[in-house]
Protein chains: 4
Amino acid sequence: TIEHIFKEIFKAGLELQEDDHRKALLVSRKKQPENTVIRIKGIEIGNGKKHHVFGPCAVESYEQTAQVAKSVKEKGLKLLRGGAFKPRTSPYDFQGLGVEGLEILKRVADEYDLAVVSEIVTPKDLEIAVDYVDVIQIGARNMQNFELLKAAGQIDKPILLKRGLSATISEFINAAEYIISRGNGNIILCERGIRTYETATRNTLDISAVPVLKKETHLPIMVDVTHSTGRRDLLLPAAKAALAIGADGIMAEVHPDPAVALSDSAQQMDIPTFDKFYEELTDLERRLG
Amino acid sequence: TIEHIFKEIFKAGLELQEDDHRKALLVSRKKQPENTVIRIKGIEIGNGKKHHVFGPCAVESYEQTAQVAKSVKEKGLKLLRGGAFKPRTSPYDFQGLGVEGLEILKRVADEYDLAVVSEIVTPKDLEIAVDYVDVIQIGARNMQNFELLKAAGQIDKPILLKRGLSATISEFINAAEYIISRGNGNIILCERGIRTYETATRNTLDISAVPVLKKETHLPIMVDVTHSTGRRDLLLPAAKAALAIGADGIMAEVHPDPAVALSDSAQQMDIPTFDKFYEELTDLERRLG
Amino acid sequence: TIEHIFKEIFKAGLELQEDDHRKALLVSRKKQPENTVIRIKGIEIGNGKKHHVFGPCAVESYEQTAQVAKSVKEKGLKLLRGGAFKPRTSPYDFQGLGVEGLEILKRVADEYDLAVVSEIVTPKDLEIAVDYVDVIQIGARNMQNFELLKAAGQIDKPILLKRGLSATISEFINAAEYIISRGNGNIILCERGIRTYETATRNTLDISAVPVLKKETHLPIMVDVTHSTGRRDLLLPAAKAALAIGADGIMAEVHPDPAVALSDSAQQMDIPTFDKFYEELTDLERRLG
Amino acid sequence: TIEHIFKEIFKAGLELQEDDHRKALLVSRKKQPENTVIRIKGIEIGNGKKHHVFGPCAVESYEQTAQVAKSVKEKGLKLLRGGAFKPRTSPYDFQGLGVEGLEILKRVADEYDLAVVSEIVTPKDLEIAVDYVDVIQIGARNMQNFELLKAAGQIDKPILLKRGLSATISEFINAAEYIISRGNGNIILCERGIRTYETATRNTLDISAVPVLKKETHLPIMVDVTHSTGRRDLLLPAAKAALAIGADGIMAEVHPDPAVALSDSAQQMDIPTFDKFYEELTDLERRLG
């Protein structure tokens, strides 16, 4: 019938239009079928092997950071996270040590031969940060801080871009496109849970986002199990699910003494918990092959 | 200081109150630390071994159902799903074959020695259904149809209870409590995605719900990967995540010819896809040990 | 260009398809441009004049119900609500007085010459309810209890249909279509807030749903300010917004002594608060003309 | 009983703690019971009288902006909005004219004796903007761009702060606190809809946020009906609800020729629609008294 033919034309048009749009994006797998592989201090992220990021929520002191770095190093890992600039809901909460925090991170990273991942929250700090940091993190609250994204696109450092608090996958992809469109294609995407009505977890880990992003883009994907669950008892199960579904790595927070942490004390692992967590994680990695 | 002491009393009170409440629930792990194990046709759900549920969205004919049953049987599986009563958004969509559908399911199940899982949507149909069905499914839209829950609590058949479209985990647990409080403790919980703002998937699979429910209750948990993702290309990744995080089994829809299916045509697997899906799923099961 | 023409065809197709679909619905304004007007005990709902529904959350006793009825009557109002069958999250919460509650409502309504609005939660109770109740309420949790909707479509009583906890407007319209498609077109729609991440209010009142539903359907629309806000201090502001945006009436809960109410004690108005509330509401009605 | 007493202590503690926290905030009504009144070009926002903000989504040219300004001026209004820096989901969408846009706004505002409201998206542009703009807008995507908030707190211009895409009311209040804590208390809050699962409207207008914010803070509240509804046919109903519930003013987008607008073409009003909209709005204002 005429109607049927019309419907077919209609559907074809819909697909064509969507195809066109996605093909245009530089981050899309249609544009580049092979995975982007990011090289940092001798490791390669995105080539199939898993690489994880651990470290304290916030850098509080040299000692605190060094203790975690030592534990990271002993596991044969390379990536250390730590917050120097902390975006906090209240202006009266601890806002991070700033440049002093970056200095501590750099010193510790040099001593333990690690690469540093740290969040930058405003364009002007990017210039300073490149001297201290190996991977610039752009946090959930800044995923649509477009001026920061543009600036991040103009530096020569890998960017770890976190999904916004309630960003759609499409908005997340477009945020990455802001960075790559300015010249910097070394982008790691990081799923960190989305805001929903559920309160049993801090956010709702959108685990399906991992295969969707893998299909739509050629970028590596990590999963932040700390902020997505907000519960220490869920870090390991969430990490297992992330590895099984194909994430390139896990991000989680570790603190020598979470009870006295200046931020996120309820969800950071202490060192012994971290040891156990990592043992089970690597056991799963071996099984998954 | 006084303030500090007060805060501690306060926190203790908070925990005490929550403890009390959860201890009171019959489904809670505090009430019964060991897992509930449900026996159906010689298999045991909840004892650690995985058991999956496959079958068409809706029973459309004997032939269609038998084709899927044959494929399920050949895999050594025991559980066949199929909808006879279909809750549909529009009154003009196919509403299922009703009792005729149950008859087909029973005939096919007998021929292939399978157990049948089928949804019942209203109390009065429960009486009929017990003669045809081995596991009564209560669907997402009826998770708070409390009269149906009460009636399900009074029959002697296992219940597969799906999480509501936007039910909190706490509401989900209370829905199961309606059933057990009337005497029927053979309940399988099923996470099937929750409603969020994200549109890349039909619903958002709340994978963290699995360990949360495992911790809070002693009931087996399955994950419906068909309704949570709504995308054929995400069924396998989602199923892998579900197994890795500790689900007792996977539920997914299989149809001999999805393109002509009377419902959910975009997300059912055809038989060859099902074969491949199952092969990869069992490979993962072996690896996970 | 060819592309442009194609796009225009495409857009035309999209609109055509949507048009067709909506035109098909019996509740749609395309099917019936003029408002449906529902006659209950001499009042007409849907003809432009406002009619409100007040009463206790649950019927607890004759005295409690009569006190509220007296206050409703004194205001010249006609519609009294009261719950006899209460859907509650926990099986251990007060579930309503059932048929005894309906008897109390009927007795009080006869004494004060009021029409009764009361919720029915399962098909079999509908048969009993028609002897006691003037308007059958179908609650949020049952908006997609399709067997209940079908049964409600076969009786000769107006139905007040509440929007589901997280139903889309399109699903809400289709739920009403279930009722009208079975023959009963006397349907009042009721917006009662939707589930979101926001916790300052019990639900989020989707005030825009009122004009959307007015445009899409020919049915009267009420706004339940009690369940949407869950806060006594927001009942009046929410009611003002609802009237200004074009709702046909307000629904709110009133209890002689909210502090001892068996359900929803935090959000019901006591009689003096109700008097003040109604005074300000009618003042606004006069101003709006 | 002991338990009861303990519960009472517990509740008292809960309230005390919340009280303390809120009292501490400079924006809270507990800190300052009387309304903040903001003076701009001879008008006073926050003193009870309504003041509205109209103008194009983006400044595209002198002519386009002047046409709208003329219409605003003729209505006796004082506030003209227009975007020079446009945060857009895709890097390939029109990003605004930047400083050139500010120059156009300034020229037009001077000619028509209007005050300009325009969005600034990054701290360094604030210094330039103060020479051109009367009210600095901080947009939804930047509500938790804390460096921008801190910078806005250090200038001597009123700030119009929009609620984030899915910010809680508590986060919104804390964002305002970032500004006031640096010294700038001239803040107008603007509800602009929140992200939910509903797709009938672009966002869900959280109308209850207006009385909640009025109660919790001493700041003026406006409602952006354009971005909350995203539908031209809902602008007037939403504006009526906003006025009735107590908003201090309405914000809406007006464009001489929406069909060719470089952004948001589907939701801006043309001048005749604006005339009619404003007529009905002022009629309601007169009625509300």
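What counts as what
The residue numbers shown here count from 1 along each chain, following its written sequence. Written order decides the labels, with chains lettered from A and ligands numbered from 1. For this predicted model, a pLDDT threshold of at least 70 governs which residues receive local features, and a threshold of 80 or more governs which side-chain atom pairs are given and counted, while totals over whole chains, interfaces and linings are taken from all residues. No hydrogens and no water enter the side-chain calculation; it runs on all heavy atoms of the structure. Domain start and end points were adopted from an automatic or database domain assignment. We call two residues in contact whenever any of their non-hydrogen atoms come within 4.5 Å of each other. Buried area is calculated as the accessible area (1.4 Å probe) missing from two parts once they are joined, with the contributions of both summed. Put simply, a salt bridge is a Lys or Arg side-chain nitrogen that is within 4 Å of an Asp or Glu carboxyl oxygen. Polar contacts, as counted here, are pairs of nitrogen or oxygen atoms within 3.5 Å of one another; within protein the pair requires one atom able to donate a hydrogen and one able to accept it, and residues that are adjacent in sequence qualify only if both atoms are side-chain atoms. Note on residue categories: nonpolar means Ala, Val, Leu, Ile, Met, Phe, Trp, Tyr, Cys or Pro, charged means Asp, Glu, Lys or Arg, and polar means any other residue, Gly included. Superposition of the copies was done by least squares, using only C-alpha atoms of residues whose pLDDT is at least 70 in both. The helix count covers DSSP runs of H or I at least four residues long, the strand count covers runs of E at least two residues long, and both are numbered beginning at the N terminus. Any residue under 20% of the maximum accessible area for its type is buried, any over 50% is exposed, and the rest in between are partly exposed; the area is computed with a 1.4 Å probe on protein chains only. Charge assignment in this entry is limited to Lys and Arg as positive and Asp and Glu as negative, and neither His nor the chain termini are counted. Two strands pair if DSSP finds at least two bridges between them. Structural elements are reduced to axes, namely lines fitted to C-alpha atoms, with helices fitted over the stretch in contact, and the angle between N-to-C directions of any two is expressed from 0 to 180 degrees. The span expected for a helix works out to 1.5 Å for each residue beyond the first. Note that the arc is defined by the directions from the helix axis to the C-beta atoms.

## Things to note about the domain arrangement of chain A
Residues and elements named next belong to chain A.
Then comes step 1: Domain boundaries assigned for chain A yield domain 1 (1–31) and domain 2 (34–288).
Then comes step 2: Computed over C-alpha atoms only, the centres of domain 1 and domain 2 are separated by 35 Å.
Then comes step 3: Across the contact, seven residues belong to domain 1 and 14 residues belong to domain 2.
Then comes step 4: Between domain 1 and domain 2 the total buried area reaches about 930 Å² when both faces are included, carbon and sulfur atoms providing 50% of it.
Then comes step 5: Sorting the residues of domain 1 by area buried against domain 2 places Leu26, Val27 and Arg29 first, and these three jointly supply 73% of that buried surface.
Then comes step 6: The tally of links from domain 1 across to domain 2 stands at zero salt bridges.
Then comes step 7: On the surface where domain 1 and domain 2 come into contact, there are eight residue pairs in polar contact (both at pLDDT 80 or more).
Then comes step 8: Here the side of domain 1 that touches domain 2 is composed, by residue class, of four nonpolar, one polar and two charged.

## Topic: the relation of the copies chain A and chain B
Then comes step 1: Mapping chain A onto chain B calls for a screw motion: a turn of 180° about the axis and a shift of 0.0 Å along it, with 0.0 Å RMSD after fitting. Expressed as an axis order, the relation between the two copies is that of a two-fold axis. Within chain A, the C-alpha atom positioned nearest to the axis of rotation is that of Ala241(A), 2.1 Å from it.
Then comes step 2: A shared interface surface links the copies, since 100% of the contact residues of chain A are contact residues in chain B too.

## Observations regarding the environment of Arg286(B)
Residues and elements named next belong to chain B.
Then comes step 1: Here Arg286 is to be found in helix α10 (residues 271–288).
Then comes step 2: Under the relative-accessibility criterion, Arg286 is labelled exposed at 61%.
Then comes step 3: Separated by 88 residues in the primary sequence, Arg286 and Glu198 place their C-alpha atoms 33 Å from one another.

## Brief notes about the pattern of salt bridges
A side chain of one charge can pair with a side chain of the opposite charge if their charged atoms are brought near each other.
All names here are of chain D.
Then comes step 1: Summed over all chains, the structure comprises 92 salt bridges over all chains.
Then comes step 2: Glu253 is the partner of Arg81 in a salt bridge, and the nearest nitrogen-oxygen pair spans 3.8 Å. In this pair, Arg81 is assigned in strand β4 (residues 79–81) and Glu253 in strand β10 (residues 249–253), connecting sequence segments 172 residues apart.
Then comes step 3: Among the residues examined, Arg81 registers a relative accessible area of 4% and is labelled buried.
Then comes step 4: Given a relative accessible area of 1%, Glu253 falls into the buried group.

## Details of the interface of chain A and chain B
Many analyses report the size of an interface as the accessible area lost when the parts associate.
Then comes step 1: Taken together, the 35 residues of chain A in the interface contact 35 residues of chain B.
Then comes step 2: Considering only the surface of chain A that becomes buried against chain B, Tyr197(A), Glu198(A) and Arg287(A) emerge as the three largest contributors, covering 22% of it.
Then comes step 3: Linking chain A with chain B are four salt bridges, by the criterion used here.
Then comes step 4: Taking the shortest distance from any N to any O, the salt bridge between Asp233(B) and Lys215(A) comes out at 2.4 Å.
Then comes step 5: Residue assignment for the side of chain A that touches chain B shows that the elements contributing at least two residues are α7 (209–216), α9 (235–245) and α10 (271–288) of chain A.
Then comes step 6: The element contributing the most residues to the side of chain A that touches chain B is α9(A), with six residues.
Then comes step 7: Taken together, the residues that form the side of chain A that touches chain B break down as 18 nonpolar, eight polar and nine charged.

## Notes on the side chain of Lys86(C)
Residue and element names in this part refer to chain C.
Then comes step 1: Considering the arrangement of structural elements, one finds Lys86 in the loop between β4 (79–81) and α3 (99–112).
Then comes step 2: No salt bridge is formed by the buried Lys86; the nearest opposite charge belongs to Glu253, separated by 5.2 Å.
Then comes step 3: With near-sequence residues (within four places) excluded, Lys86 lies in contact with Cys57, Ala58, Arg81, Phe94, Gln95, Gly96 and Ser263.

## Here's the deal with the sheet that holds strand β6 (residues 135–138) of chain D
Residues and elements named next belong to chain D.
Then comes step 1: The eight strands are arranged β3-β4-β5-β6-β7-β8-β9-β10 in a closed barrel whose pairing can be described as parallel. When the angles between neighbouring strand axes are averaged without regard to direction, this sheet yields 25°.
Then comes step 2: Bridge count between strand β9 (residues 221–224) and β10: three bridges; the pairing is parallel. Its bridge partner being in β10, Met222 is matched across the sheet by Gly249.
Then comes step 3: The sheet contacts of helix α3 (residues 99–112) involve β4 and β5 (115–119), and relative to β5 the element is tilted by about 165°.
Then comes step 4: Each of β3 (53–55) and β10 touches helix α10 (residues 271–288); the most contacted strand, β3, lies at about 170° to it.

## Brief notes about the environment of Lys30(C)
Residue and element names in this part refer to chain C.
Then comes step 1: With respect to the helices and strands, the residue Lys30 is situated in the loop between α1 (2–24) and β1 (38–40).
Then comes step 2: Residue classification places Lys30 among the partly exposed residues on the basis of a relative accessible area of 43%.
Then comes step 3: Measuring from C-alpha to C-alpha, the distance between Lys30 and Thr217 comes to 7.9 Å, with 187 residues separating the pair along the chain.

## Remarks on helix α3 (residues 99–112) of chain A
Residues and elements named next belong to chain A.
Then comes step 1: In this model α3 runs 20 Å from its N-terminal to its C-terminal C-alpha over 14 residues, within 8% of the 20 Å that 1.5 Å per residue would give.
Then comes step 2: Within α3 the residues assigned to the buried category are Gly101, Leu102, Ile104, Leu105, Val108, Ala109 and Tyr112. Across the axial projection of α3, the buried residues extend over an arc of 160°, all falling on one side.
Then comes step 3: Buried-residue contacts for α3 involve α2 (62–74), β4 (79–81), β5 (115–119) and α4 (123–129).
Then comes step 4: Backbone geometry just after α3 places Asp113 at a positive phi near 50°.

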